[in-house]
Amino acid sequence: MKNTHLIILFVIGLTGLAIFSSIYIVDETEQVVITQFRRVIGEPVTEPGIHFRIPILHEPNFYPKNIQSWDGEPGEIITQDKTYIWVDTFARWRIIDAIAFIKNTRDMPTAQSRLSEIINPAVRDA
């Protein structure tokens, strides 16, 4: 009798854990790309609310939908007439295609460093 109660409690606990780990919540400022073994599964989830996934196979990757900022390092640049000017660069960007974003950059720090690699030389060349 005592073992039956323990087994029932164990099964209820395991079921609760499985249900809890299969739920993810999408905020209105987020979009989610579900991956299975680092491969994109389906379309991005952009609707806010509670969504479900397969707990061990599917991994939700959360990305912001709102406008992000990039701020470059201020520095001196020499002009054509050999004078130095201080330039402080910044950019505003957002993720339009979440699937292309996850395939090319994978995460936000990588995207910020790629922006630095692109924008800083372009500003110095201009």
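What counts, and at which threshold
- Residues numbered from 1 in each chain as written.
- Predicted model: local features only at pLDDT ≥ 70, side-chain atom pairs only at ≥ 80, totals over all residues.
- Heavy atoms only, no water.
- Helix = DSSP H or I, 4+ residues; strand = E, 2+ residues; numbered from the N terminus.
- Rg over C-alpha atoms; globule rule 2.2 N^0.38 Å.
- Buried < 20%, exposed > 50% of the residue type's maximum accessible area, 1.4 Å probe, protein only.
- Contact = heavy atoms within 4.5 Å.
- Pairing = 2+ DSSP bridges.
- Patch = residues over 30% accessible without salt bridge, like charges linked within 9 Å, V, L, I, M, F, W, Y side chains within 5 Å.
- Areas by Shrake-Rupley, 256 points an atom, 1.4 Å probe, with all protein chains shown as cover.
- Salt bridge = Lys/Arg side-chain N within 4 Å of Asp/Glu carboxyl O.

A. Structural view of the overall build of the chain. Looking only at helices and strands, the chain features three helices and nine strands. At 23 Å, the chain has a C-alpha radius of gyration far larger than the 14 Å of a compact globule built from 126 residues. Along the longest, intermediate and shortest principal axes, the C-alpha atoms of the chain span 90 × 30 × 25 Å. Taken over 126 residues, the chain has a buried fraction of 26%. Across the chain, contacts joining residues at least 24 apart in sequence account for 56% of those joining residues at least 6 apart.

B. Highlighting the sheet that holds strand 2 (residues 30-36). Spatial ordering of the open sheet is given by 3-2-5, a layout of three strands whose pairing is antiparallel. The sheet is open, and its two edges are formed by strand 3 (39-40) and strand 5 (58-64), each paired on a single side. With seven bridges joining them, strand 2 and strand 5 adopt antiparallel strand pairing. Residue Val33 lies in a different strand from strand 5, and its bridge partner there is Asn61.

C. View of a nonpolar patch on the surface. A grouping of Ile7, Phe10, Val11, Leu14 and Leu17 is seen on the molecular surface, where their side chains present a nonpolar patch of about 520 Å² in accessible area. Take Phe10: it is sitting in helix 1 (residues 2-21).

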